[in-house]
Structures are given as C-alpha cells and as structure tokens.
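Report on the structure
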Amino acid sequence: MSTRGWPNILITGTPGTGKTTHAAQLVEALQQHAETSSAPWQHLNVGDFVKEKGCHSGWNEEWQSWDVDEDKLLDELELVQGAGAKVLDWHTCDLFPERWIDLVVVLRCDHSQLWNRLEKRGYKLNKIQENNDAEIMEVVLNDARESYAEEIVVVLQSETPDQMEENVGRIIQWVTAWRENNAD
Ligand code: ADP
Ligand code: MN
C-alpha cells in the first residue's frame, strides 16, 4: 500500500528520446480522462527545476549543462512530494529515493534518429556523441533497472507519434490499475 492517493511517475531516457513531449501529453490526457481527472497532475521537468531553484554549482561550458547539486535538488524536491500525481521528467533516474516513485518509464529511440533530433536541437558534437553512445549502451535503462524494482520499470519505444499516443494510453491504463489496487 502506498501512502499517496495517486502514483508518482518518472519518465526517463537519454536526452532527445521524448521525455518532455510524453510528460506534457500524458499530463494533459490524465487531466481529461474520467477516472484520473480528479488528481492534481503536475509535470515536473527536473532540468528546469534545477535551473529555477538554483540546484547546481554552475554552468559546465564543456558539456553545456548545469552541474547539478544533488543534495539541494533532493531537499527542494522533497517539498513537492505528498499527494503524488507528479510526472517527473529527467534523464537521470538513480537519484530519487525509491519510495518516491511508483512507475519508471524508460523511453528508447533508434540511435540515428536520436542523433538527428539532437542535431536539430543545436547540441554540440561532443554532447550528441555522448548521448548517442549512452543510448546504444543502454545507460539509462541499466540505471533504472539497478535503482528500482523490476516490476515498476517499463521500457517504451519513442520513434513515432503513433507510439507516443500508444504509450500515453498504456500509462493511463497503469494509473487506473494502480488506483484500484491502492485506493482505500
Ligand atoms: P527529451 O525531453 O527526452 O529530451 P523531447 O520530448 O524534447 O525529448 O523530444 C525531442 C524531439 O524529438 C522533439 O522534437 C520531439 O518532438 C521529438 N520526438 C520525441 N518523441 C517522439 C516520437 N515518439 N515521435 C516523433 N517525434 C518525437
Ligand atoms: Mn526534455
């Protein structure tokens, strides 16, 4: 049994696999779905949160990203825990306490398609290469499997809009099942 009325869902994957797009569509769909619309669904883009709350030790010029202060991030995030109904969107998944997360969705994408997406985004070559390698080596998937119970980790392909729609539908099904099993 969970102490939350609604589950917290972590959407993770290599940058460019579709986390933010999925999280936004999922929250919108959850807000409209009859069985889930009463919950205070919130999309929490952790990268944006890090920037807004200053949970970092500065900008890393080489990697064009913030050096995350993990302790500060966890302290700040603790504040937003409670009711559940959070959709967390981040490429790192081994940082959150296990008890915070009810479902981990790992998005996957063909690496050449991922390369194109990151190029379009204007990433520098070293960053495209690093992320491309990470997708091939299944870094995020391995981290997810090491950090959470096997049965809460779900791997979904994110290469087409149809897949995205199907993925959102599957997660909504999962949320309604979670409610049936956990509601008092
Ligand atoms: P992330 O948040 O994981 O870095 P985004 O959600 O920003 O990824 O997606 C990166 C790019 O890839 C966006 O242009 C998005 O529209 C596209 N994209 C992501 N997932 C899909 C998909 N399943 N089908 C088609 N395009 C996608
Ligand atoms: Mn994103």
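Below is a summary of the structure that appears in this document. (Residues numbered from 1 in each chain as written. Chains lettered and ligands numbered in written order. Predicted model: local features only at pLDDT ≥ 70, side-chain atom pairs only at ≥ 80, totals over all residues. Heavy atoms only, no water.)

**Brief notes about the packing of aromatic side chains**
Applying the stated criterion across every chain yields a total of 4 aromatic pairs. The interplanar angle of 70° and the centroid separation of 5.7 Å between the aromatic rings of W6 and W41 together place this pair among those described as edge-to-face. Of the two residues, W6 sits in the segment before β1 (9-12) while W41 sits in the loop between α1 (19-32) and β2 (42-45), which places them 35 residues apart along the sequence. Accessibility expressed as a relative area gives 9% for W6, which makes it buried. The exposure class of W41 is buried, given its relative accessible area of 6%. Grouped by ring-pair contacts, the aromatic residues W90, F96 and W100 constitute a single cluster. Lying across the ring of Y123, K127 places its NZ or CZ 4.3 Å from the centre. In this arrangement the basic side chain of R179 is found over the ring face of W6, its NZ or CZ atom lying 3.9 Å from the centre. (Phe/Tyr/Trp six-rings, centres within 6.5 Å; stacked < 30°, edge-to-face > 60°. Helix = DSSP H or I, 4+ residues; strand = E, 2+ residues; numbered from the N terminus. Buried < 20%, exposed > 50% of the residue type's maximum accessible area, 1.4 Å probe, protein only. Lys NZ or Arg CZ within 6 Å of the ring centre and 35° of its normal.)

**A word on the side chain of K127**
Within the secondary structure layout, K127 lies in helix α5 (residues 125-136). Buried K127, no salt bridge; nearest opposite-charge side chain is E130, N-O distance 7.3 Å. Here W63 takes part through its backbone oxygen, which lies 3.5 Å from a polar atom of the side chain of K127. Not counting the four nearest positions on each side in its chain, K127 is found in contact with W63, Q64 and S65. (Lys, Arg positive; Asp, Glu negative; His and termini not counted. Salt bridge = Lys/Arg side-chain N within 4 Å of Asp/Glu carboxyl O. Polar contact = N/O pair within 3.5 Å; in protein donor to acceptor, adjacent residues only side chain to side chain. Contact = heavy atoms within 4.5 Å.)

**Here we look at the nonpolar core**
Ranked by size, the top nonpolar core spans 23 residues in total, and within it L73, F96, V104 and Y148 carry the most contacts. Looking at this core, the elements that each hand over two or more residues are α2 (46-52), α3 (70-78), β6 (103-108) and α6 (139-147). If we skip the residues at most four places from it in the chain, F96 touches L10, V46, L74, L77, W90, I101 and Y148. Membership of the second largest hydrophobic core comes to 19 residues, among which are I11, V87, V105 and L107. (Core = buried A, V, L, I, M, F, W, Y, C linked by side-chain atoms within 4.5 Å.)

**Considering the sheet that holds strand β5 (residues 86-89)**
Taken in spatial order, the 5 strands make up an open sheet running β2-β5-β1-β6-β7, and their pairing is parallel. Of all the strands in the sheet, the pair left with one neighbour each is β2 and β7 (153-157). On average, each strand axis in the sheet is tilted by 20° relative to the strand beside it, whichever way the strands run. Sitting on the sheet, α6 touches β1, β6 and β7, and the angle it makes with β6 is about 165°. (Pairing = 2+ DSSP bridges. Axes fitted to C-alpha atoms, helices over the stretch in contact; angles between N-to-C directions.)

**Focus: the layout of surface pockets**
Roughly 1300 Å³ of internal volume is contained in the largest pocket. P15, W90, H91, Y123 and K127 are, among the 44 residues lining the largest pocket, the residues nearest its centre. Contributing elements (two or more residues each) for the lining of the largest pocket: α1, α2, β3 (56-60), β4 (65-68), α4 (111-120), α5, α6 and α7 (161-182). Per-class residue counts for the lining of the largest pocket are 15 nonpolar, 16 polar and 13 charged. (1 Å grid on protein atoms, 1.4 Å probe; cavity = no way out; pocket = protein on both sides within 12 Å on 5 of 7 lines; lining within 4 Å. Points joined across faces, edges and corners; volume = space filled by probe spheres on them. Nonpolar A, V, L, I, M, F, W, Y, C, P; charged D, E, K, R; others polar.)

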